[in-house]
Amino acid sequence: MNQKSAELTTAVRNFSVQLSPTPRGARLARLLATEQLRAWGLPSDPARQIIAELAVNAATHGRVQGRDFRLTLYVVADVLRIEVTDTRGERLPRPEQPGPDAESGRGLLLVEALADRWGVAEGRFPRKTVWAELRLTPPEPTF
């Protein structure tokens, strides 16, 4: 039998790291992701802001003592997908309009404004993954 298999013509890049659900872990997620994007030759903004917001949410609202969160970055063709998985599957995030004097509560509004698409995927209990996608534009040629 002579079967041809579909060949993947687009390079797929990925990066994944498990971090503690603390402010330090959230900061480290942003720093490591920024460095990975630099190594791939991709712009860090607005991805860096999205990663920061999702990691802070995982460390704040998705925190379960003794359980880490995971940051994963995928680049497929011209799309960067950012995923943050935590173990608080019963607490699904949703953007809310905070009061004018509120000092927090705007993270998902920022993600919604900066990402081309975003959403939540429920995983095997107790996990959930909050993801965001950015369309990458090719760099301008320099002469």
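Note that the structure is predicted; figures quoted are calculated from it, not measured.

Enquirer: In this structure, what is going on with the overall build of the protein? I would like to understand it.
Expert: Check the secondary structure of the protein and you find three helices and five strands. Order of helices (α) and strands (β) in the protein, N terminus to C terminus: β-α-α-β-β-α-β-β. When burial is assessed residue by residue, the protein has 37% of its 143 residues classed as buried. Taking the intrachain contacts of the protein between residues at least 6 apart in sequence as the baseline, contacts between residues at least 24 apart amount to 62%.

Enquirer: I tried to follow the packing of helix H2 (residues 47-60) against helix H3 (residues 107-114) on my own but got confused; where do I start?
Expert: Between H2 and H3, whose axes approach to 9 Å, the crossing angle comes to 150°. Compared by their axis directions, H2 and H3 come out roughly antiparallel. In this structure, H2 meets H3 at a crossing whose hand is left-handed. Across from Gln49, Ile50, Glu53, Leu54 and Asn57 in H2, the residues of H3 making contact are Gly107, Leu108, Leu110, Val111 and Leu114. Per-class residue counts for the contact of H2 with H3 are six nonpolar, three polar and one charged.

Enquirer: Can you walk me through the sheet that holds strand S4 (residues 117-122) in this structure?
Expert: Paired through backbone hydrogen bonds, the strands of a sheet run either parallel or antiparallel to each other. Strand order in the open sheet formed by five strands is S1-S2-S3-S5-S4, and the pairing between neighbours is antiparallel. With partners counted over all chains shown, the strands left at the sheet margins are strand S1 (12-19) and S4, one partner each. Averaged over neighbouring strand pairs, the angle between their axes works out to 15° when direction is ignored. When S1 meets strand S2 (residues 69-76), the two strands line up antiparallel, connected through eight bridges. Along S2, the bridge assignment pairs Gln18 with Arg70. Across the sheet, helix H1 (residues 23-39) touches S1, S2 and strand S3 (79-86), and the angle it forms with S2 is around 20°.

Enquirer: Would you mind showing me how to read the pattern of salt bridges here?
Expert: Note that side chains of opposite charge can pair when their charged atoms are close. What the rule picks out here adds up to eight salt bridges. Its salt-bridge partner being Glu35, residue Arg38 comes within 2.5 Å of it at the nearest N-O pair. Of the two residues, Arg38 and Glu35 both sit in helix H1, three residues apart, roughly one turn of that helix. Asp78 is paired through a salt bridge with Arg135; the nearest N and O atoms lie 2.9 Å apart. Separated by 57 residues along the polypeptide, Asp78 in the loop between S2 and S3 and Arg135 in strand S5 (residues 128-135) bring together distant segments of the chain. Accessibility expressed as a relative area gives 53% for Arg135, which makes it exposed. Each of Arg81, Glu83, Arg117 and Glu133 takes part in salt bridges that share partners, so that together they form one network.

Enquirer: How do you make sense of the pairing of S2 when you look at a structure like this?
Expert: Consecutive side chains of a regular strand alternate in pointing toward one face of the sheet and then the other. In this sheet, S3 lies alongside S2 in antiparallel orientation, the contact comprising seven bridges. Residue pairing across strands places Val75 opposite Leu80, the latter belonging to S3. The hairpin turn running from S2 into S3, its antiparallel successor, is two residues long, and Ala77 in that turn takes a positive phi close to 55°.

Enquirer: Is there a simple way to think about the nonpolar core in this case?
Expert: Nonpolar side chains tend to gather and get buried jointly when the protein is soluble and globular. Core analysis: the biggest nonpolar cluster contains 30 residues, and Ile50, Leu54, Leu71, Leu73, Leu80 and Ile82 have the highest contact counts within it. Broken down by secondary-structure element, the contributors of at least two residues to this core are S1, H1, H2, S2, S3, H3 and S5. Considering every element that reaches this core, the biggest residue donor is H2, with seven residues. In contact with Leu54, not counting residues within four places along its chain, are Ile82, Val84, Leu108, Val111 and Val130.

Calculation criteria
- Throughout, a residue's number is its position along its own chain's written sequence, starting from 1.
- With the structure being a predicted model, the display of local features is reserved for residues of pLDDT at least 70 and the display and counting of side-chain atom pairs for 80 or more, all residues being used for whole-chain, interface and lining totals.
- Only heavy atoms go into the side-chain values, all of them from the structure, while hydrogens and water stay out.
- Working definition: helices are DSSP H or I runs of at least four residues, strands are E runs of at least two. Numbering for both runs from the N terminus.
- A 1.4 Å probe rolled over the protein chains alone gives each residue an accessible area, and that area as a share of the maximum for its type sets the label: buried under 20%, exposed over 50%, partly exposed in between.
- For this analysis, residues touch if any pair of their heavy atoms sits within 4.5 Å.
- Axis geometry follows a simple rule: fit a line to the C-alpha atoms, using only the stretch in contact for helices, then measure angles between N-to-C directions, giving values from 0 to 180 degrees.
- Working definition: roughly parallel below 35 degrees, roughly antiparallel above 145 degrees, roughly perpendicular at 65 to 115 degrees, and oblique for all remaining angles.
- Each crossing gets its hand from how the near helix is turned against the far one by less than a right angle, where anticlockwise is left-handed and clockwise is right-handed.
- Under this grouping Gly is polar, as are all residues other than the nonpolar Ala, Val, Leu, Ile, Met, Phe, Trp, Tyr, Cys and Pro and the charged Asp, Glu, Lys and Arg.
- DSSP bridges decide pairing: two strands pair if at least two such bridges lie between them.
- One speaks of a salt bridge when a side-chain nitrogen belonging to Lys or Arg is within 4 Å of a carboxyl oxygen belonging to Asp or Glu.
- Nonpolar cores are built from buried Ala, Val, Leu, Ile, Met, Phe, Trp, Tyr and Cys residues. Side-chain atoms within 4.5 Å join them into one set.

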